[in-house]
Structure formats: structure tokens, C-alpha cells
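# An overview of the molecular structure
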Amino acid sequence: MESKEKIKIVVAIASFAVLSIFFTAQYRKRRYRKCSQSSCYLHTEPKPQYSFKRVLADNSYSAFKHLKLGESNSETSLHSHPYEAEISALLENAEIEFSFGTESMDLKISDSYVWVETELQLKELVDVLSKQRVFAVDTEQHSLRSFLGFTALIQISTQNEDYLVDTIALHDALDVLQPVFANPSICKVFHGADNDVLWLQRDFHIYVVNLFDTAKACEVLSKPQKSLAYLLETYCGVATNKLLQREDWRQRPLSVEMLEYAQTDAHYLLYIANCLIAELRQHDSENSCCPDDKLRFVLEASRRSNTVCLQLYIKEIEISPGESAASSIISRHLNGQGGISSKACDLQFQDLVRRLCTWRDLMARIHDESLRYVLSDQAIIALADKVPTTQKEICTLISQADLNVDSLSSSSILPSPSPVVCSHLEDFNYLFKDKMGKLDDVFLEILQKHLGPDGSCPLSVFNYAILSKTNLKLTNRLVSKQNGIKNSRQVGQKASRELFVKKFSCKSPVYHNCRIFASDGRLLCYCDRRKLEWYVRRGLAKLVDDNPLAIMLLFEPKGRPEDEDNDFYVQSKKNICVGCGEKNHYLRYRIIPSCYRMHFPEHLKSHRSHDIVLLCVDCHEVAHSAAEKYKKKIAAEFGIPLFVQKVVDSREAQIASQLSTSEVNTVEAGVSPLQLRTAAMALLRHGPRMPSNRREELRQTVMKYYGGREITEEDLEKALLVGMSPHERKRLERKKGMSLKHSKGTGFPNKEQESNARSMGTSPIDNVLKVDGEGGLNTTKGEACGKQENGNDLEITMEVLASDSNNLSSDRSEMSEMKDTCVMDTDNCESRSQSEGTLDLFYPKSDGNASPKHNPKLSLLGHGPHGKEVVDHLLKEYGEDGIRQFCQRWRQTFVEAIHPRFLPAGWDVMHSGRRDFGEFSVYNPAKNAFAPANG
Ligand code: AMP
Ligand code: MN
Ligand code: ZN
């Protein structure tokens, strides 16, 4: 028996030994990573924060923008607290009733809590909270796999319930909590709110107004300790394991222990606050010798708490990124951590430490990782000390450095070298080799390599602002420091140009469905590819999608959908895509294309809001292309061509009549006046220098207009006049001294069509004349303007690009062309009137509703007289019922294309125009103060 026992023990020990050897080996294997990956690890590793669509604090080197309230404060709020007045009022006369009525509170924590992960649940929570006089809050953060960190959980406790809010699932929806947190008549209890207050600002623009911080109360009461663990122990007899605060709070589902920890952190706060307030009161009554001193303790605790609320989150931005970390590493090393190293005095060592710190900073921002996750301090020291020459050596040095430190400390086990290092080992060539090169240059080169047009790393909501903003900053620095250095913009432009050639050539043109996104990922507009080209060529944007093409602007456009004064945003903020319910981005979509609607009799337009709906990018695309198809169908059905064609002057009428019009397909033939003008203009001005295939393409466009015959220079000049008002033509005549024999009767079949065509655009020729007036209709001016292109380009805004930019110093001629392009392709996009300037291409105050007579610049349609002819035909043949049926057909087309699931109640295909909208419908024009006034 005894020997049997012994054998059992021996076997047990042996197997334990085997197992531990096995696991140690596994562990080593895991830690000592093979450095063989070549493309960025992020392509295969999803991170929870990559599902966030709106990120307020990105990883760029630009300042954090705080919430701004009201229209009076139009400046971007960098240094002012949006609730400064409310908080100051609380600081001055805090007459808050500090009785939370928790005396009878059940201290026992139940295992029930409410897990909030849907928007509906969140909305219900907001409803509950808005009825409270007080609630308790705590947050859990994640900081290892994130550059700035993010809130992974918010715990909220009322007297009745504990809520755990999944702030990863609800990241983009959390702004609904702003009002209750900012409400001065609801007290929020935190423990040690200093960080939480800033984190809530950083992630959600949530500002706490009226705070009671139990840690501040402890200070005022001179408690021996002010930790939450101490308070829980003392007041509630609850022990808590604070080690859990360092868990990975991103994980889902959360472990039972973590859930319990999270719930506990907020659950007892109301009770503890009540106890502390009672003590503060008691101090006051004991020391109330003079009436002024009444509530001195209570008020002091409140004052200290609300002072915390006045803090503003800031992003720490170094002039030389990574410099402070480098200095601290160097000085720590000089002070002999791990023995005095003669190396530390070495200038090369110091230079390498700086390089590695700069690289680490950049990589952490690009990949949204913490610095320590990318590369540890000790690894930086080892690398700078040994200066490895091979990739294998680099990996070995790093993992050894981390192993040495890890064996001494209990720091968490991180992969070493990190995936960031492993998948970007080539970077070290730049860092170690070119030792004489300027750090800025190395930095920019690496930046381009990773985030440039052909970059190795994925663009994300966290990193796409880095490139442009860094460029701007560093360019300025470089320019002021030294001259003649190749700046990043040039690097970027060259790369962009190459990319452009690669991406755009030999592909069939894709019209209408190119998208432009702002640097925060919001859709700004649809356009054609020439507009994309314009931005990409200048390094102002980067391609983010191939099919359909999409670019992201690398600068901040002046006008944004969310600008406070933008009615589009205010109006649509509450809304969602009627197709799929998407709420993060949407565009207004006109179900009845404006080219028809604008010609409707005024009284039939009054219920416009019914036929303008919000659609997300994807649904918009589907609806738009269905509409384009349907237009062709209508063109065929009515025999009214979509485009103007064969506009000839009287002298050429005979030639024209020889061509049989009936042969011409009503759908495909012809050309829009603006397309025509653009093509003619480009040929006149840049023709000789154009690539021959492009020149031919444009020539074909103009030839289409002349019924397919060969064209002369004179034809081109005449083509410029199409759609021009007599006034405009006169002006052209004056400026050019041109003999415009054809200026009267340019071949429009009748006066009506002429006035229609006149309404087709913003008369780009005006621009050209402003630009070219002195130089004539030739190419010299265009070149001269082109030369002015420089770093300042980044300041070009949407406004400038899209408006009559008389006083603009850069590349005007290109811009007027651009404008044409935009004009042509914004049929279903919105357009604000030119004179207003901002957001010209995108979101209008007025729309196609307005009669062209009232605003001749408004209609930006590419279909010439087609729309008017169709409407006239309908009215003549069927009267107003014809128009109503026509609208129904368009609604039907829309419904069939989209199968919308989120249309407002009351919307229907048969909509007659007499139906009223519900009292609470956002489509109720009476209710909606932001609805355009015309209509
Ligand atoms: P708590 O409210 O005490 O649970 O802390 C909130 C968050 O702060 C945690 O989720 C952690 O992300 C962070 N935190 C607080 N203290 C530490 C610490 N000593 N080490 C790491 N993270 C901490
Ligand atoms: Mn906590
Ligand atoms: Zn990468």
C-alpha cells in the first residue's frame, strides 16, 4: 500500500514536471515570436475600437475639440468649457439639497444588474436617469491596445438599479447621455472623478455638471484614507479586489468576477455619499459659531468636486513627437539604472533612442496601440545600445530585453517583439542606416510608407488625420528651419500622382458614384472621378475605396454637415436612412429628380418634404442608379432625349437637317450643356498639352453636340456659349473683344429652352473669364496659376473650391473646371446657393424647388431641356393628375430599388400632396423649423 502511494506521488510529480516543461516551452514560443510577417498585422487582427464610427479624440497631432454650445460661440472650442457658466454657478452658490434619501437603502448587492447594449436600452436608461435627483457613476477603461485609451464600460447606479453600459457596442450612440450628465439639478456621485470626467469628455463629449466626489469628501473630512476600497470596507463591510481594474475590459462577455467588480464600484456610492454628507453636516453644526460658516464643510466638498468638473480633456502634443519619452529614457539611463553605461553619453546612442521613440510614437498612433505595447523602454535601450544589423538580431534583442525585465517585475505578459515591430521590421533600416539624415525626413518617409496612398497599414478612424496634419506641421517647421528640403507634400503628391495614374487609367469611367469622405469618415458628397482626381493629384486626399471609387480628404473642409448653422445636420440628426436604418451617415435623397420637379407648378411642390428622404451611402447609390435608369426609360417613353444635341446655329440648320433625327437614340445621344462647356473649355485651353486619348474623349463629347461632325476651333468657342444668358454673353464679348456672331440664336429650338439651359449652372465661363480675362482664352494663365501651388494648398476649403472664388490665389483655372464637374454630377446631391459659399456642393438651404427664375444659379442639372419638356408634356396631355401620377411612378421606382424599411409613418407611394403629416413626424413641415422656407 505504501509503495503504491509512493508511486502515485512520483507519477504525479513526474507528470507535473513534464507539463510544466511543456507549458514553459509553449510560453516561450508564444513570447518569442517569429518575425516573418511582411504586411501589417492589423489587416488580420480586428480590434473592438475599429467598429467605432465617430471618434472625438483621434491619434493625430492635433488638439482635441471640445463640445461647443450655442451659436454665439462660433470659435472651435479648444480652451473653454461648454458648461463653465453652470459649473461656476454651482461653485458660487451651491444650494443643493444633499439628501439622497438613501437611509433606507438596501445595501445588499443583488446579482441582478441591467446590461445596456442596445440603443433602445440606452434610451430607456436616459429616461430613468432624467427622473433622478442623483445617481452614481464609474467607468472602466482600456489602455493597452489603444493609443489614447477608451471607455470600455460605464457603470451607473440609481437607488433602485445597477446599470452596466457597454460603451463599446454603444460607442457612437452615447451622446444621448450628455443631457443628464450636464443637468445641474441632477447630482452625479463619483469616487475620484478626476480621470473619469476627462475620459467621458474624450470619448463622448459628456460633461459632468453637479458632481459629488466621495474622494473629495474624504479630503475635507481628513479621513485616514480616501480609496474606494477603504470606504467600501469601512461603510459597507465589503471587500474588493482592486486588481480587477487592470483586467482587459474590452472582453465580451465580461467574466463573472469583472461584472461583480464593476457593479460593486458604483453600487455603494450613493450610500457612501450619504454617510459622508451626514458627517460633513455634523462637522458644520459642531463648528457653526458664525452664520457664514454654516455648511462650510458640505460646501467645501461640493466646491472641490465641481472644480474637478471644470477640467478639460487635452491631447498632449509634443513639438517633436517622442522627444519627452526619449529624454526620460536617456536620463534614466544616465542615472545608472542597470549600471552606468558609457554608452549613454554617446551621441549616437542618444540619437538612436530619439529615433526609436519617434518611431514608436508614430507607430502607436498609426495602429492605435499604447507605446508600451509597440516597444518597451528597455527594448529601445537595448536596440540603441547594440545597433543590430539584421532583422533576426532586432527580434532577439527586443525579446531578451523584455524577458529580463519581465522576470523581475510582474508586468503583464505582452508579445515580444510586438506584432507592430514584427510586421514593420523594414522600418529599422531607415532608423539605423541613415544616421545622418534628419529625423523629420525619416519620420515622413515612414509615415508615407505606412499611411500614404500605397501604405502598408489600414486607414482607420484613429489615424487618417495624422498624415495631413503632420505634413502641415512638419512642412512649416522644415520651411522655417531650412530651405530647399524636399517636403512631405511633394513626397505625397508624387506618390498620389503615381497612384492616380495606376488607379484611374484604363478603367472605364464611373460616373456619379464616386464618394468623398471627410477625415472623420463622414460622407460629404457624391461626385464624378474627375473631382476625385483633382484632390488626389494635389495630395489633398487619399483613395480609400476602389470600387466604387472613394477618397478621403486629408484636410478639414470648411463646411461640414454637422456645423451648427447647417440646417441639414440639425434636421437630419434625429433621422436615419429610410432604407436600412443606418444612422451614422446619410444624405438627402430626392425621390422625384429635381430636373422634373423644378418645373412643376408651384402648388404641386408644396409637399416637398414627403419626397425628400434620408439615405445612407449604400442605399443612396442604389436609389440614384435606379433613378438614372428610370430617366432613360422616361426619355424613351416620351421620346424626349435626356441631353441636348445637335444644337446648331441657323447657318448650319441645313446641314443638320440632312441628318435624320429619328435615327438618333433619345437616350444615348446628345450631351449636357455643362459637359459640353467643360469639354470645349478644356480643349481650348489645354488641348495641345493633353494626353491624346483624353483629348479625343473630349472632342467626341463636343462632336456629339454637333451631331457627330468634325469640329473646328470656332465650334469650340461657340460651344462655350451654350446655356449662357444674353447678359453673360455680352460680358464675354466685352472681356474678350470676341466677335460673337452666333451669340443670338445659338441653336436652341426656342426661347423656353434657352432660359432653361441658362438655369443649368453657375456659369463657369464667368470664372474662366475672371481668371483668363487678361490672358485670353489660352493656356498661359492656367500654367501661371499652377505654379502657385504650394503648401498653402492645404488650406483650400470646400468653400473655395466650390464658390466663385474671385480672390483665390491658387490654381483657379482648374477650379473652375472642377466646378463644372461637380455641377454636372450633383443631380441627386444637394446644392446650397453659391452666394452662401459654404458647403456649396453638398447641402443646400434651398433646393430644386425654387424656381430657376428666383435663383438662376440653383439648378445644377445635366439634362438640359429634358426635364422641362417632360413636365410640359405631362401638363399638356394629362394636366395636374399627370404630374401626380408621374410622382407616384418615381416613388414606386424608389420603393422597388430600395425596399425601404424605415420610411416615416404616413409616407406612401400614392401620396397626393393633401395628406397631413403626423403631429410628431419629422416630416411635418409645420413642426420642422429647419425645413427650407421656400417650397
Ligand atoms: P476603477 O474605477 O478604480 O475601477 O478604475 C477605472 C479604470 O482606471 C480601470 O478600468 C483601469 O483602466 C484604470 N486604472 C485605474 N487604476 C489603475 C492601475 N493601477 N493600473 C492600471 N489601470 C488602472
Ligand atoms: Mn471601476
Ligand atoms: Zn502597420
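To start, this report covers the structure provided alongside it.

So, how was this worked out
- Residues numbered from 1 in each chain as written.
- Chains lettered and ligands numbered in written order.
- Predicted model: local features only at pLDDT ≥ 70, side-chain atom pairs only at ≥ 80, totals over all residues.
- Heavy atoms only, no water.
- Helix = DSSP H or I, 4+ residues; strand = E, 2+ residues; numbered from the N terminus.
- Buried < 20%, exposed > 50% of the residue type's maximum accessible area, 1.4 Å probe, protein only.
- Contact = heavy atoms within 4.5 Å.
- Areas by Shrake-Rupley, 256 points an atom, 1.4 Å probe, with all protein chains shown as cover.
- Core = buried A, V, L, I, M, F, W, Y, C linked by side-chain atoms within 4.5 Å.
- Donors = N, O, S within 2.8 Å, 3.2 Å for Na, K, Ca; no water.
- Tetrahedral: all angles 85-135°; square planar, octahedral: opposite > 155°, others 65-115°.
- Pairing = 2+ DSSP bridges.
- Axes fitted to C-alpha atoms, helices over the stretch in contact; angles between N-to-C directions.
- Phe/Tyr/Trp six-rings, centres within 6.5 Å; stacked < 30°, edge-to-face > 60°.
- Expected span 1.5 Å × (residues − 1).
- Parallel < 35°, antiparallel > 145°, perpendicular 65-115°, else oblique.
- Nonpolar A, V, L, I, M, F, W, Y, C, P; charged D, E, K, R; others polar.
- Near = heavy atom within 4 Å.
- Polar contact = N/O pair within 3.5 Å; in protein donor to acceptor, adjacent residues only side chain to side chain.

As a further point, take the overall build of the chain. When helices and strands are counted, the chain shows 35 helices and 12 strands. Relative to its full complement of 935 residues, the chain shows a buried share of 54%. A separation of at least 24 residues holds for 72% of the contacts in the chain among residues at least 6 apart in sequence. Of the roughly 42,100 Å² of accessible surface on the chain, 53% is carried by carbon and sulfur atoms.

Membership of the largest hydrophobic core comes to 51 residues, with the highest contact counts inside it found for Val353, Leu356, Trp359, Leu375, Leu383 and Phe428. In terms of residue count, helix H12 (residues 347-367) provides more of this core than any other element does, 10 residues in total. Discounting residues that sit within four places of it in the chain, Val353 has contacts with Ala326, Ile329, Ile330, Ile380 and Ala384.

Quick look at the coordination of the zinc ion (ligand 3) now. The protein atoms that coordinate the zinc ion (ligand 3) are Cys40 (SG), His367 (NE2), His424 (NE2) and Cys457 (SG), at distances of 2.0 to 2.2 Å. In this structure, the zinc ion (ligand 3) is coordinated by 4 donor atoms arranged in tetrahedral fashion, with angles at the metal of 102 to 124 degrees. All donor residues of the zinc ion (ligand 3) come from one chain, and their arrangement in sequence is C-x326-H-x56-H-x32-C. Of the two residues, His424 sits in the loop between helix H16 (419-423) and helix H17 (427-433) while Cys457 sits in the loop between helix H18 (439-451) and helix H19 (464-481), which places them 33 residues apart along the sequence. Look at His424 and you get buried, because its relative accessible area is 0%.

Burial along strand S11 (residues 587-590) is two-sided: the face carrying Leu587 and Tyr589 and the face carrying Arg588 and Arg590 are both buried. Taken together, the 4 bridges between S11 and strand S12 (residues 612-615) define a ladder with antiparallel strand orientation. Of the residues in S12, the one forming a bridge with Tyr589 is Val613.

Topologically, Trp890 is positioned in helix H35 (residues 866-898). Linking Trp890 and Lys631, residues 259 residues apart in sequence, is a C-alpha distance of 9.6 Å. Apart from the residues lying within four places of it in its own chain, the contact partners of Trp890 are Ile591, Ile592, Pro593, Tyr596, Ala627, Tyr630, Lys631 and Ile634.

Moving on, we come to the sheet that holds strand S5 (residues 187-190). The sheet built from 6 strands is open, its strands ordered S1-S4-S3-S2-S5-S6 with mixed pairing. One side of each edge strand has no neighbouring strand; the edge strands of this open sheet are strand S1 (114-116) and strand S6 (211-213). Here the strands of the sheet are splayed against their neighbours by 25 degrees on average, with no regard to which way each runs. Sheet analysis places strand S2 (residues 134-142) next to strand S3 (residues 150-157), joined by 7 bridges and oriented antiparallel. The residue of S3 that forms the bridge with Glu140 is Leu153. Contacts from helix H5 (residues 193-204) reach S2, S3, S5 and S6, with the element oriented near 115 degrees to S3.

Okay, the packing of aromatic side chains next. The way to describe two aromatic rings as a pair is by their centre distance and the angle between their planes. One pass over the structure, following the stated rule, counts 15 aromatic pairs. Seen from their ring centres, Tyr83 and Tyr207 are 6.0 Å apart, and the 50 degrees between their planes marks the pair as tilted. One end of the pair, Tyr83, is in the loop between helix H1 (2-31) and helix H2 (84-92); the other, Tyr207, is in the loop between H5 and S6, and 124 residues separate them in sequence. Accessibility classification places Tyr83 together with Tyr207 in one group, the buried group.

Think of it this way: four donors in a tetrahedron around the metal ideally sit 109.5 degrees apart, and six in an octahedron ideally sit 90 or 180 degrees apart. Donor atoms from the polypeptide that bind the manganese ion (ligand 2) are Asp138 (OD), Glu140 (OE) and Asp265 (OD), placed at 1.9 to 2.1 Å. Read from N- to C-terminus, the donor residues coordinating the manganese ion (ligand 2) fall into the pattern D-x1-E-x124-D. Taken together, the residues span a long stretch of sequence, with Asp138 in strand S2 and Asp265 in helix H8 (residues 256-267) at a distance of 127 residues. Judged by relative accessible area, which is 3%, Asp265 ranks as buried.

Here we come to H8. Along an α-helix, residues three or four apart share an orientation, since each turn contains 3.6 residues. Under the 1.5 Å per step criterion, the end-to-end length of H8 is 16 Å for 12 residues, consistent within 8% with the ideal 16 Å. Residues of H8 that are buried include every one of Met258, Leu259, Tyr261, Ala262, Gln263, Thr264, Asp265, Ala266 and His267, and no others. Tucked inside the fold, the buried residues of H8 contact S1, S2, S3, strand S4 (162-166), helix H7 (228-236) and helix H9 (269-286).

Right, let's get into the packing of helix H11 (residues 323-334) against helix H14 (residues 377-386). Contact geometry of H11 with H14 gives a least axis separation of 11 Å together with a crossing angle of 75 degrees. The orientation of H11 relative to H14 falls into the category roughly perpendicular. Judged by residue contacts, Ile329, Arg332 and His333 of H11 engage Asp377, Ile380 and Ile381 from H14. When the residues that make up the contact of H11 with H14 are grouped by side-chain class, the tally is 3 nonpolar, 1 polar and 2 charged.

A few words on the site of ligand 1. Near ligand 1 the following residues occur: Asp138, Thr139, Glu140, Gln141, Trp199, Lys242, Gln245, Arg246, Trp249, Tyr261 and Asp265. One of the side-chain nitrogen or oxygen atoms of Glu140 is found 2.6 Å away from an oxygen atom of ligand 1. Relative to its unbound accessible surface of 480 Å², ligand 1 loses 67% to contact with the protein. Considering each element in turn, the shell around ligand 1 owes the most residues, 4 residues, to S2.

This brings us to unusual backbone geometry. With an omega dihedral of -5 degrees, the bond running from Arg252 to Pro253 counts as a cis peptide bond. By the secondary structure assignment, Pro253 is in the loop between H7 and H8. Of the consecutive residues Ser416 and Pro417, the connecting peptide bond is found in the cis state with omega at -5 degrees. With respect to the helices, strands and loops of the structure, Pro417 is situated in the loop between helix H15 (391-408) and H16. Here Asn210, not a glycine, exhibits a phi torsion of approximately 75 degrees, which is positive. Residue placement: Asn210 occurs in the loop between H5 and S6. Assessed through its relative accessible area of 2%, Asn210 is described here as buried. Even without being a glycine, Ser222 presents a positive backbone phi close to 50 degrees.

With that settled, consider the environment of Ile87. Looking at where Ile87 falls in the secondary structure, it is placed in helix H2. A sequence separation of 122 residues divides Ile87 from Val209, and the C-alpha atoms of the two residues are 6.0 Å apart. Ignoring anything within four residues of it in the chain, the contact list for Ile87 reads His81, Val208, Val209, Asn306, Cys309 and Leu310.

A few words on the pairing of S4. Side-chain positions along a regular strand alternate between the two faces of the sheet. For S4, the tally of buried residues reaches 5 of 5 residues, placing the bulk of the element in the interior. With burial as the criterion, each face of S4 is covered, one bearing Asp162, Leu164 and Asp166 and the other bearing Tyr163 and Val165. Across 3 bridges, the pairing between S1 and S4 is parallel. Within S4, the position partnered with Val114 by the bridge is Tyr163. Looking at chain direction, S3 and S4 are connected through 5 bridges and run antiparallel. Paired with Ile156 across the two strands is Tyr163, which belongs to S4. The hairpin turn running from S3 into S4, its antiparallel successor, is 4 residues long.

All we've got here are geometric facts, nothing functional implied.
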